[in-house]
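Each chain, letter by letter, is given below.
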Amino acid sequence: MNKKAIITSALPYANGEIHLGHVASTYLPADVTTRFLKLNGVEAYYVCASDDYGTPILLQSEKEGKTPAEYVSHWNKRDYEDFTAFNIEFDFFYKTSSPENIAFVQDVFQKLNDAGHIYEKEIIQFYCNNDKKFLPDRYVKGTCPDCKADDQYSDLCESCGRVPEEIINPKCSICGQPPTKEKTKHYFFKLKNFGDLLFKWLDEHEHLQKDVKKYVQNWIKSGLIDWDITRDISWGVPVPLDAAEGKVFYGWFDNHLAYISTAIKFLNDKGIDGKEFWNSADIYHFIGKDIVYHHYLFLPAMRLGINSEYKLPDYIPTRGHLTLQAKKISKSRNWYIGLKDFLKNYRADYLRYYLISINPYSQDDLNFDWNDFATRINSELIGNLGNFVNRALGFTKKTFDGIVPEIDTFDDKDTEAEQKIKSLATDVGLLLEQNHLDRALKKIMEFSSFFNQYFQHKEPWKKGPGTANCVFLSVNAARSMAIALFSFLPESAQQIWEQLGLSGKIDELTWSNMSELGIPSGHVLGTASPLFAKVEESDIEILKKQLGPSE
RNA sequence: AGCGGGGUGGGGAAGUCAGGUCAUCCCGGCGGGCUCAUAACCCGCAAAUCAGUAGUUCAAAUCUACUCCCCGCUACCA
């Protein structure tokens with residue numbers, strides 16, 4: 001395992017609140033991974049930033065009578081608060097509109113330009129005389145020439161799925177007026193130059209997901225298109241050329257560069273040589289499958305274009321999208337659940353548990369279902385794990401006055417239990433290293449289930465000769481669970497720790513500590529109380545109506 | 001339209017890349033046990049020709065071909 005790592009997750013676009021879909025695919029998996037790496041002694045930093053630029057933000061801020069800067073600063077703050085409430089622990093959360101990023105983006109552009117990867121081209125684009133704006137693809141709607149469906153985007157018909165050659169009856173999607181066509185000069189990035197290199201990079205990179213790789217390679221085979229990287233709007237990183245007055249970079253040119261500029265700023269401020277650290281660390285970019293193109297093509301191509309001055313990513317864990325009650329999440333149709341709203345009803349760990357347990361390491365979509373949520377929390381998290389911890393600690397309190405008893409010779413069952421503890425760090429660790437967070441969590445649940453069985457079979461309440469061993473091992477198992485669980489459910493893990501009467505914070509420990517019998521005979525436990533309250537069916541029914549969308 | 005991913009007991013999923021050790025896990029149903037624990041937990045039973053057809057193989061949920069359904073992505077979006 002590399003002893004250094006930089007973890008990033010897709011940048012939240014600063015024009016709306018964080019919802020369950022965002023955290024499920026990106027922020028939560030990245031947070032769990034970072035915590036895991038840190039416990040393993042890796043110098044890992046999790047950095048992120050709000051994505052501040054672009055036309056949608058400009059339009060929305062105008063609508064709300066704010067400057068774009070005020071508008072994005074509001075969302076930057078709010079997003080960070082929501083993440084923090086969910087125990088997503090960034091080492092640094094910054095913004096793409098930072099002076100550091102602007103300078104960095106302009107510098108990268110200069111280097112790409114000097115290396116001959118940029119060219120100018122005059123294009124004809126729709127222009128709205130009413131709004132006084134050039135209208136990029138999505139801002140023009142009309143009738144699809146292929147299937148005649150109305151109200152389709154000029155760059156994609158959602159009805160037949162084709163990319164229209166020329167849309168019929170174009171209309172400005174802001175004001176509805178027909179736009180005119182105007183000439184404008186844009187800058188293009190020669191993505192075509194990088195097809196072979198990208199293909200090879202994908203081929204040779206063992207850590208990249210196979211399913212995604214295949215997908216992207218097919219795209220390369222069918223031919224890459226040079227990429228229009230500028231826009232005629234006022235809100236963005238200015239193109240640093242005299243001839244480019246009034247032009248800014250397209251959001252996807254600048255935003256992923258903030259991974260680098262943000263990390264460097266954070267590291268330099270800490271007194272670490274940021275560039276050197278970046279280039280010697282494992283780089284992780286956690287993303288959702290919708291931005292595969294940007295992270296598997298644009299981003300590596302740009303880094304290759306500046307001679308890999310900053311190394312390419314080692315891992316791009318890509319996950320599917322969350323559906324809500326089996327339907328696509330959509331803010332505009334109000335079919336989504338805001339993170340903040342959710343956390344008003346249930347603590348972070350419930351959601352963390354549920355989202356990880358349904359989230360495989362693949363591009364497959366996953367589904368949030370209220371009843372499934374209730375069932376999993378009640379029967380798995382509470383019935384299995386919460387119950388075990390509570391019965392083990394409660395029993396020790398009741399029978400041994402909270403003092404862990406002296407042990408005798410282990411019988412076969414005891415030895416088996418001891419083995420489970422000893423192999424836990426490896427069993428769970430291997431899965432986490434492979435990014436299988438869901439399976440790793442399941443392993444911990446299996447461990448807990450084993451100990452419920454063990455406890456049952458040993459029947460310590462009958463006060464037979466095996467009682468002391470059973471209590472000793474059960475209490476130690478609870479300790480192991482706390483450490484293993486910490487990356488997933490930090491709050492609950494720490495709670496178990498305190499109930500065990502242990503001092504300090506789990507994040508000061510080492511991963512392998514979980515496989516030690518760390519609680520000696522004679523240790524005095526803390527106060528045991530149930531860790532989790534049940535999810536009530538009646539509440540779920542109410543929430544379904546409230547948070548869930550009304551059609 | 002192109003590309004990608006799926007169809008596994010009543011419901012939801014894992015297992016498929018590296019074929020046998022596999023039919024597993026959770027919910028639900030039925031029957032028992034226990035009483036330390038949040039009506040929890042433990043043991044057992046019923047229920048699946050692993051979408052269909054053909055093939056490869058000593059051996060297929062797993063590999064190949066075709067067919068039928070479902071879903072997602074297509075360069076704004078986690």
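Quick caveat: nothing in here was measured; it's all calculated off a predicted structure.

Draft legend 1. Examining the pattern of salt bridges more closely. Scanning all chains against the criterion turns up 27 salt bridges. We note a salt bridge from Glu 309 to Lys 275, for which the minimum N-O separation is 2.7 Å. Of the two residues, Glu 309 is situated in the loop between α10 (292-305) and β14 (318-319) and Lys 275 in helix α9 (residues 274-280); the sequence distance between them amounts to 34 residues. Of the residues examined, Glu 309 reaches a relative accessible area of 21% and is grouped as partly exposed.

Draft legend 2. Molecular detail of the environment of Lys 422. Relative to the assigned elements, Lys 422 resides in helix α14 (residues 412-433). On the accessibility criterion, Lys 422 (44% relative accessible area) is partly exposed. For the pair Lys 422 and Leu 517, spaced 95 residues apart in the sequence, the C-alpha separation amounts to 8.2 Å.

Draft legend 3. Structural context of the sheet that holds strand β16 (residues 327-328). One open sheet accounts for three strands, arranged β16-β15-β17; its pairing is mixed. Unpaired on one side and paired on the other, β16 and β17 (366-368) mark the two borders of the sheet. In terms of strand pairing, strand β15 (residues 322-324) meets β16 through two bridges, oriented antiparallel. From the neighbouring strand, Leu 324 faces β16, where its bridge partner is Lys 327.

Draft legend 4. The arrangement of the packing of helix α12 (residues 348-357) against helix α15 (residues 437-458) in detail. As a packed pair, α12 and α15 sit with axes 8 Å apart at the nearest point and diverge in direction by 115°. In terms of axis orientation, α12 runs roughly perpendicular to α15. From α12, Tyr 353, Ile 356 and Ser 357 reach across to α15, where they touch Leu 437, Asp 438, Leu 441, Lys 442 and Met 445. The residue inventory of the contact of α12 with α15, partitioned by class, reads five nonpolar, one polar and two charged.

Draft legend 5. Seen up close, the pairing of strand β4 (residues 118-128). Two elements, β4 and strand β9 (residues 180-189), share ten bridges in a ladder whose sense is antiparallel. Its bridge partner being in β9, Tyr 127 is matched across the sheet by Thr 180. Where β4 lies against strand β5 (residues 133-134), two bridges are found, and the strand directions are antiparallel. Looking at the pairing, Tyr 127 lines up with Phe 134 of β5. In this antiparallel pair of consecutive strands, β4 and β5, the connection spans four residues, and Lys 132 shows a positive phi of 55°.

Draft legend 6. Fine view of unusual backbone geometry. Positive phi, close to 50°, is recorded for Ser 308, a residue that is not glycine. Relative to the assigned elements, Ser 308 resides in the loop between α10 and β14. Non-glycine residue Asn 435 carries a positive phi angle of around 75°. Structurally, Asn 435 can be placed in the loop between α14 and α15. The class for Asn 435 is buried, based on a relative accessible area of 3%.

Draft legend 7. The packing of aromatic side chains, seen in detail. The final tally for this structure, using the stated rule, is 45 aromatic pairs. With a centroid separation of 5.6 Å and an interplanar angle of 15°, the aromatic rings of Tyr 119 and Phe 188 are classed as stacked. Here Tyr 119 is found in strand β4, whereas its partner Phe 188 is found in strand β9, with 69 residues between them in sequence. Residue classification places Tyr 119 among the partly exposed positions, given a relative accessible area of 26%. When the centroid spacing of 5.0 Å and the interplanar angle of 90° are considered together, the rings of Phe 368 and Trp 370 count as edge-to-face. For the residue pair Phe 368 and Trp 370, the accessibility class agrees, reading buried in each case. Counting every residue linked through ring pairs, the aromatic cluster contains Phe 109, Tyr 187, Phe 189, Phe 194, Trp 227, Phe 249, Tyr 250, Phe 253 and Phe 298. Seen from the ring of Phe 86, Arg 352 lies directly overhead, with NZ or CZ sitting 5.8 Å from the centre. Lys 420 extends its terminal NZ or CZ atom over the ring of Phe 450, reaching a point 5.1 Å from the ring centre.

Draft legend 8. A look at the environment of Asn 387. If you trace the backbone, Asn 387 turns up in helix α13 (residues 370-400). Sequence-wise, Asn 387 and His 205 are 182 residues apart; in three dimensions their C-alpha atoms are separated by 44 Å. Discounting chain neighbours no more than four positions away, the residues touching Asn 387 are Ile 382 and Asn 452.

Scoring rules and cut-offs
- Residues numbered from 1 in each chain as written.
- Chains lettered and ligands numbered in written order.
- Predicted model: local features only at pLDDT ≥ 70, side-chain atom pairs only at ≥ 80, totals over all residues.
- Heavy atoms only, no water.
- Salt bridge = Lys/Arg side-chain N within 4 Å of Asp/Glu carboxyl O.
- Helix = DSSP H or I, 4+ residues; strand = E, 2+ residues; numbered from the N terminus.
- Buried < 20%, exposed > 50% of the residue type's maximum accessible area, 1.4 Å probe, protein only.
- Pairing = 2+ DSSP bridges.
- Axes fitted to C-alpha atoms, helices over the stretch in contact; angles between N-to-C directions.
- Parallel < 35°, antiparallel > 145°, perpendicular 65-115°, else oblique.
- Contact = heavy atoms within 4.5 Å.
- Nonpolar A, V, L, I, M, F, W, Y, C, P; charged D, E, K, R; others polar.
- Phe/Tyr/Trp six-rings, centres within 6.5 Å; stacked < 30°, edge-to-face > 60°.
- Lys NZ or Arg CZ within 6 Å of the ring centre and 35° of its normal.

Shape descriptors only; they carry no functional weight alone.
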